[in-house]
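# Structural characterization, general
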Amino acid sequence: ETGVTQTPRHLVMGMTNKKSLKCEQHLGHNAMYWYKQSAKKPLELMFVYSLEERVENNSVPSRFSPECPNSSHLFLHLHTLQPEDSALYLCASSRDRGWEAFFGQGTRLTVV
Amino acid sequence: EDKVVQSPLSLVVHEGDTVTLNCSYEVTNFRSLLWYKQEKKAPTFLFMLTSSGIEKKSGRLSSILDKKELFSILNITATQTGDSAVYLCAVGGSNYQLIWGAGTKLIIKP
């Protein structure tokens, strides 16, 4: 247990659905991240929040919408996804940007 | 463009063998290099290296950074089946971003 909790662990959704991924960290960290991990590809950084302010948005399609209501919680809202969005979505946190990140267990997302 | 390249992509050895995993990088404004182990889902942190030539060690795992030649190695001695995992290398550069390698898949056969 790393102190970063993600729910749900698995999610199957249709292309017209709207769903949200949730991440919670109990480490007192100031930075939180969303990563996408596809098979045989490097981790792709999607969003970075530092002190609840979004500081990075790496050309992610608008069908992915992050929300950080406080420094302990991070959401990823999903709508009208495509089958190629199927992947493992990992949340991470770190003391500050640039320090080692601690990862959650991830959400395995399948878009049908 | 910043990049991190890990080699080999996959490796199969027998229990008790010693393995060396490689990570080379070209990253602007290098800040740190990190090693992670990913068994099923969550990558778990192993080492962070910032200074050249100083070995970090934890049990049978050790790592060293060469900032002149722009690479790091991760050594695992007396491997066990529990060492089977994907080992990820990441380098921190400009804007505090982490640039990730594709990983080395290590399989330890009994």
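Heads up: the structure comes first, above all this text.
I will try to describe carefully the structure that is included in this document. All residue numbers refer to position in the chain's written sequence, counted from 1. Labels follow written order: the first chain is A, the first ligand is 1, and so on. Two thresholds apply to this predicted model, a pLDDT of at least 70 for residue-level local features and 80 or more for giving and counting side-chain atom pairs, whereas whole-chain, interface and lining totals are computed over all residues. Hydrogen atoms and water are omitted, and side-chain values are computed over all heavy atoms in the structure.

## Focus: the overall build of chain B
From N to C terminus, chain B includes 0 helices and 11 strands. Secondary structure elements follow DSSP: runs of H or I of four or more residues count as helices, runs of E of two or more count as strands, with numbering from the N terminus. Its helices and strands in sequence order give chain B the pattern β-β-β-β-β-β-β-β-β-β-β, from N to C terminus. For a compact globule the rule gives 2.2 Å times the number of residues to the power 0.38, and the radius of gyration it is set against comes from C-alpha atoms. Compactness check: chain B gives a C-alpha radius of gyration of 13 Å against a globular reference of 13 Å for 110 residues, within 12% of the reference. When its C-alpha atoms are laid out on the principal axes, chain B stretches across 45 × 25 × 20 Å. Buried residues in chain B amount to 44% of all 110 residues. Two residues form a contact once any of their heavy atoms are found within 4.5 Å. Taking contacts inside chain B between residues at least 6 apart in sequence as the whole, the part at least 24 apart equals 53%. Here, Shrake-Rupley sampling with a 1.4 Å probe gives the accessible areas, and only protein chains in the shown set may cover a residue. When the accessible area of chain B is evaluated, it comes to approximately 5400 Å², of which 50% is carbon and sulfur surface. Only four residue types enter the charge count, namely Lys and Arg as positive and Asp and Glu as negative; His and the chain termini do not. Working definition for charges: the position is that of NZ of Lys, CZ of Arg, CG of Asp or CD of Glu. Charge centroids of chain B, computed over 12 positive and 10 negative side chains, lie 6 Å from each other. A 1.4 Å probe rolled over the protein chains alone gives each residue an accessible area, and that area as a share of the maximum for its type sets the label: buried under 20%, exposed over 50%, partly exposed in between.

## Quick look at the interface of chain B and chain A
Contacts between chain B and chain A engage 18 residues on the former and 21 residues on the latter. By definition, the buried area sums, over both parts, the 1.4 Å-probe accessible area that each loses when the two are put together. Note on chain B versus chain A: buried area summed over both sides is about 1700 Å², and carbon and sulfur give 58% of it. We define a salt bridge as a contact between a side-chain nitrogen of Lys or Arg and a carboxyl oxygen of Asp or Glu at a distance within 4 Å. In this assembly, chain B and chain A are joined by 0 salt bridges. Put simply, the parts of the chain that give the side of chain B that touches chain A at least two residues each are β4 (32-38), β5 (43-49) and β10 (98-100) of chain B.

## Quick word on the layout of surface pockets
Any empty space left between the atoms is revealed when a probe the size of a water molecule rolls over them. One number sums up the size of the largest pocket: a volume of about 470 Å³. The wall of the largest pocket is formed by 17 residues, among which Gln37(A), Ala39(A), Lys40(A), Val86(B) and Ala102(B) lie closest to the centre. At the level of secondary structure, the elements contributing two or more residues to the lining of the largest pocket comprise β9 (85-92) and β11 (104-109) of chain B. When its residues are assigned to classes, the lining of the largest pocket shows 6 nonpolar, 5 polar and 6 charged. A cavity here means a set of 1 Å grid points, computed over protein atoms only, where a 1.4 Å probe fits but cannot escape. A pocket is an open set with protein on both sides within 12 Å along at least 5 of 7 lines, and lining residues have an atom within 4 Å of a point. Grid points are joined across faces, edges and corners, and a volume is the space filled by probe spheres set on the points. Its boundaries defined by the atoms lining it, the second largest pocket holds a volume of some 160 Å³. Along its surface, the second largest pocket is lined by 11 residues, and Lys36(A), Glu44(A), Met46(A), Val60(A) and Pro61(A) are the ones closest to its centre. No other element matches the 3 residues that strand β5 (residues 44-50) of chain A contributes to the lining of the second largest pocket. Partitioning the lining of the second largest pocket into residue classes produces 6 nonpolar, 2 polar and 3 charged. Throughout, the ten residues Ala, Val, Leu, Ile, Met, Phe, Trp, Tyr, Cys and Pro are labelled nonpolar, Asp, Glu, Lys and Arg are labelled charged, and all others, Gly among them, are labelled polar.

## Let's talk about the state of the cysteines
Counting rule for disulfides: a pair of cysteine sulfur atoms within 2.5 Å. Taken as a whole and judged by the stated rule, the model has 2 disulfides over all chains. Each sulfur in the disulfide pair Cys23(A) and Cys91(A) lies 1.9 Å from the other. Taking the torsion about the sulfur-sulfur bond, which here is approximately -75 degrees, the covalent link between Cys23(A) and Cys91(A) counts as left-handed. Here the residue Cys23(A) occupies a position in strand β3 (residues 18-25), and Cys91(A) occupies one in strand β9 (residues 87-94), the gap between them amounting to 68 residues. As far as the burial class goes, Cys23(A) and Cys91(A) line up, both buried. Residue pairing for Cys23(B): its cysteine sulfur links by disulfide to Cys89(B), the two sulfurs lying 1.9 Å apart. Negative torsions about the S-S bond denote left-handed disulfides, and the value of about -70 degrees found for Cys23(B) with Cys89(B) makes this one left-handed.

## Looking at the environment of Ser94(A)
Residues and elements named next belong to chain A. Here Ser-94 shows up in strand β9. Note: C-alpha distance between Ser-94 and Asn-30 (64 residues apart in sequence) is 6.6 Å. Once residues lying within four places of it in the same chain are set aside, the contact partners of Ser-94 are His-29, Asn-30, Ala-31, Tyr-33, Trp-99, Glu-100 and Ala-101.

## Examining the pairing of strand β11 (residues 107-111) of chain A
Residues and elements named next belong to chain A. Here β11 shows a buried face lined by Thr-107, Leu-109 and Val-111 and an unburied face lined by Arg-108 and Thr-110. Two strands qualify as a pair provided that DSSP identifies no fewer than 2 bridges between them. Pairing between strand β2 (residues 10-13) and β11: 4 bridges, direction parallel. What sits directly across from Met-13, in β11, is Val-111. Across 3 bridges, the pairing between β9 and β11 is antiparallel. Its bridge partner lying in β11, Leu-88 is registered against Arg-108.

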